[in-house]
Number of protein chains: 2
Amino acid sequence: MTIELYLIRHGIAADREDYPNDEDRPLTSKGRKKTTKVAKQLRDRGLHFDHILTSPLVRARETAAILQDVGLGEQLDEFPSLAPNGDINTWVSWLQEWRQNRNRESCLALVGHQPDLGNWAELLVWGEAGEKLVLKKAGVIGLNLKETGVPLGQSELFLLTSPKWLI
Amino acid sequence: MTIELYLIRHGIAADREDYPNDEDRPLTSKGRKKTTKVAKQLRDRGLHFDHILTSPLVRARETAAILQDVGLGEQLDEFPSLAPNGDINTWVSWLQEWRQNRNRESCLALVGHQPDLGNWAELLVWGEAGEKLVLKKAGVIGLNLKETGVPLGQSELFLLTSPKWLI
């Protein structure tokens, strides 16, 4: 069964100096507005996620909640290894199990951080990461995963965009 | 001087069986409409090309003319090696000379065909091509080229999109 995988970067967040703990930084008002516009554009183009996984950091959780609020997907869970410097193998293992319990084309969204998301996309498509993808805040990457087998080095890239081109 | 390079695939063209010579196939009515919508969206987001080069095939020339007609760029030339199976080194040599005569950030568009455009993007970013990029008709790739030196394996990808996400 084929999987469309979307990697979505959190929106614009509050300054680091205002939050002693980086994990607590929320989206700014501008960040919320821009992220909501991106989410609505994705929804209006027919996208629907069977599952949304998010980094546990506040700015990512708030971004994921916006995706859910506009109707892009009902099922939303935090996933610790989507935090900065998380291990791709942890969520790829989760994905391999998840896909076995589904019986049609499936669509999964991961909400997280740079440079991880860009590196993960490069690993999925080319098998190695060189920080060659520019992924702005609230930007989106879309990948086609092969029907079976480990997706690393075997996937296709069909979308890479910043909010600028979507909204 | 930095260069933004856009690789744009021709729009939907007439069926092969209706044209004994593949090079003569024009855009269909639907192809013209969709390509015009894409071009207007690019223009409305502030894009302007300092130069547009196109494959000499009819479907590419018609696509390039649409870009020019909506005001995306005034200077338009045919470039033989943008035809199918063209050699990347020919137009990269042209580009290296072109950039030397410019004194600010420049923006170049190439209108051509698949799988060449996707392969060229992969060569520019990763140094090798594996047909891992999905580029639909009237789809767009955006690349940042380094300020100096040969761009192969040294460029960044910031945009890959089909008309679906733009219009």
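Residue and element names in this part refer to chain A. Tracing the chain through its elements places Tyr 19 in the loop between β1 (3-9) and α1 (29-44). Given a relative accessible area of 29%, Tyr 19 falls into the partly exposed group. Distance in space between the C-alpha atoms of Tyr 19 and Leu 7 is 26 Å, their sequence separation being twelve residues. Beyond its immediate sequence surroundings of up to four residues, Tyr 19 is in contact with Ala 14, Asp 24, Arg 25 and Pro 26.

Time to look at the relation of the copies chain B and chain A. Overlaying chain B with chain A gives an RMSD of 0.0 Å, the required rotation being 180 degrees about an axis along which the chain moves by 0.0 Å. Here the symmetry operator amounts to a two-fold rotation axis. Of the C-alpha atoms belonging to chain B, the one lying closest to the rotation axis is found on Leu160(B), 2.4 Å away. A share of 100% of the interface residues of chain B reappears at the interface of chain A, consistent with the copies meeting face to face through the same patch.

In total, this model carries 13 aromatic pairs over all chains according to the counting rule given. Relative to Trp94(A), the ring of Phe79(A) lies with its centre 6.0 Å away and its plane at 70 degrees, an arrangement referred to as edge-to-face. A residue pair is termed long-range when its members are at least 10 positions apart, and Phe79(A) in the loop between β3 (76-78) and α3 (88-100) and Trp94(A) in helix α3 qualify at 15 residues. For the ring pair Trp165(A) and Tyr6(B), a centre distance of 6.2 Å and an interplane angle of 65 degrees mean the geometry is edge-to-face.

Bringing the interface of chain B and chain A into the picture now. Interface size, as often reported, equals the accessible area lost upon joining of the parts. If you look at the interface, chain B gives 24 residues, while chain A gives 24 residues. With both sides pooled, the region where chain B packs onto chain A buries about 2,200 Å², and carbon together with sulfur makes up 57% of that total. Counting the surface chain B buries against chain A, the share from its top three residues, Arg45(B), Lys132(B) and Trp165(B), is 37%. At the boundary of chain B with chain A, the tally comes to zero salt bridges. Taken together, the links from chain B to chain A amount to 17 residue pairs in polar contact (both at pLDDT 80 or more). When contributions to the side of chain B that touches chain A are tallied by element, the ones reaching two or more residues are α4 (116-126), β6 (156-161) and α5 (163-166) of chain B. Ranked by residue count, the leading element in the side of chain B that touches chain A is β6(B), at six residues. Of the residues assigned to the side of chain B that touches chain A, the class counts are 14 nonpolar, five polar and five charged.

Right, let's get into the pairing of β1(A). All names here are of chain A. Burial analysis of β1 places six of its seven residues in the buried class, the great majority of the element. Across six bridges, β1 lies against strand β5 (residues 140-145) in antiparallel orientation. From the neighbouring strand, Ile 8 faces β5, where its bridge partner is Val 140. Looking at chain direction, β1 and strand β4 (residues 106-112) are connected through seven bridges and run parallel. In the strand pairing of β4, Tyr 6 is matched with Ala 109.

Residues and elements named next belong to chain A. Over its 13 residues, α3 runs 19 Å from end to end, which matches the ideal 18 Å to within 8%, given 1.5 Å per residue. Residues Ile 88, Trp 91, Val 92, Leu 95, Trp 98 and Arg 99 constitute the buried set of α3. Within α3, the buried residues cover an arc of 120 degrees as seen down the axis, which keeps them to one side. Residues of α3 that are exposed and angled more than 90 degrees away from the buried face: Glu 97 and Gln 100. Of the surrounding secondary structure, the elements contacted by the buried residues of α3 are β1, β2 (51-54), β4, α4 (116-126) and β5.

Quick notes on the rules
- Residues numbered from 1 in each chain as written.
- Chains lettered and ligands numbered in written order.
- Predicted model: local features only at pLDDT ≥ 70, side-chain atom pairs only at ≥ 80, totals over all residues.
- Heavy atoms only, no water.
- Helix = DSSP H or I, 4+ residues; strand = E, 2+ residues; numbered from the N terminus.
- Buried < 20%, exposed > 50% of the residue type's maximum accessible area, 1.4 Å probe, protein only.
- Contact = heavy atoms within 4.5 Å.
- Least-squares fit on C-alpha atoms with pLDDT ≥ 70 in both.
- Phe/Tyr/Trp six-rings, centres within 6.5 Å; stacked < 30°, edge-to-face > 60°.
- Buried area = accessible area lost by both parts, 1.4 Å probe.
- Salt bridge = Lys/Arg side-chain N within 4 Å of Asp/Glu carboxyl O.
- Polar contact = N/O pair within 3.5 Å; in protein donor to acceptor, adjacent residues only side chain to side chain.
- Nonpolar A, V, L, I, M, F, W, Y, C, P; charged D, E, K, R; others polar.
- Pairing = 2+ DSSP bridges.
- Expected span 1.5 Å × (residues − 1).
- Arc of directions from axis to C-beta.

Limitation: the analysis is restricted to geometry and does not speak to function.
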